[in-house]
Amino acid sequence: MIKVNSETITGFEGITVAELLKQRGYKTLYVAVEMNDAILPKAQYENTVLKDGDTLEVVSFVGGG
């Protein structure tokens, strides 16, 4: 199981953070990811494989004016 923004999800173990974001509809250009209490650099999204017990916080940036 993996937690994403406090929601427990299954079936995502073994894929990369980038693939998880894509499957969940996030645009990587506009998000920041904290993984297991540390900010994950965007350059590592493609190479970081999720494993059971990982916790992610995904924050989307929105513009306004």
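Structure shown above.
Quick caveat, the model's predicted, so the values are computed rather than measured.

## Side note on the overall build of the chain
Within the chain one finds one helix and five strands. On C-alpha atoms alone, the chain measures out to a radius of gyration of 11 Å, which is about the 11 Å that the 2.2 N^0.38 rule sets for 65 residues. Principal axes of the C-alpha set define a box for the chain whose edges measure 40 × 25 × 20 Å. Split into buried and exposed, the 65 residues of the chain put 31% on the buried side. Considering only contacts within the chain whose residues lie at least 6 apart along the sequence, 53% involve residues at least 24 apart. Just so you have it, the chain exposes about 4,300 Å², and 53% of that area is on carbon and sulfur atoms. Counting 6 positive and 9 negative side-chain charges, the chain places the centres of these two groups 7 Å from one another.

## Here we look at the pairing of strand β3 (residues 31–35)
A one-sided burial pattern is seen for β3, the buried positions being V31, V33 and M35 and the unburied ones A32 and E34. Looking at chain direction, β3 and strand β5 (residues 55–60) are connected through five bridges and run antiparallel. Paired with M35 across the bridge in β5 is L56. As paired strands, β3 and strand β4 (residues 38–40) are joined by three bridges and run antiparallel to one another. Bridging from a neighbouring strand, V33 pairs with L40 of β4. Count of turn residues in the β3/β4 antiparallel hairpin: two residues, of which N36 carries a positive phi of about 50°.

## Some points on the side chain of T16
Assignment of secondary structure puts T16 in the loop between β2 (7–9) and α1 (17–23). At 3.1 Å, the side chain of T16 forms a polar contact with the backbone nitrogen of E19. Residues within four places of T16 in sequence aside, it is in contact with Y45, E46, T48, V49 and L50.

## Describing unusual backbone geometry
Most peptide bonds take the trans form, and the phi angle of most residues other than glycine is negative. Positive phi is not limited to glycine here, since N5 has a value of about 50°. You can see N5 is positioned in the loop between β1 (2–4) and β2. You will see that N36, though not glycine, has its phi angle at about 50°, which is positive. Mapped onto the elements of the fold, N36 is located in the loop between β3 and β4. On the basis of relative accessibility, which here comes to 37%, the residue N36 falls in the partly exposed class.

Definitions and limits used
- Residues numbered from 1 in each chain as written.
- Predicted model: local features only at pLDDT ≥ 70, side-chain atom pairs only at ≥ 80, totals over all residues.
- Heavy atoms only, no water.
- Helix = DSSP H or I, 4+ residues; strand = E, 2+ residues; numbered from the N terminus.
- Rg over C-alpha atoms; globule rule 2.2 N^0.38 Å.
- Buried < 20%, exposed > 50% of the residue type's maximum accessible area, 1.4 Å probe, protein only.
- Contact = heavy atoms within 4.5 Å.
- Areas by Shrake-Rupley, 256 points an atom, 1.4 Å probe, with all protein chains shown as cover.
- Lys, Arg positive; Asp, Glu negative; His and termini not counted.
- Charge placed at Lys NZ, Arg CZ, Asp CG, Glu CD.
- Pairing = 2+ DSSP bridges.
- Polar contact = N/O pair within 3.5 Å; in protein donor to acceptor, adjacent residues only side chain to side chain.

Just distances and angles here, no functional claims.
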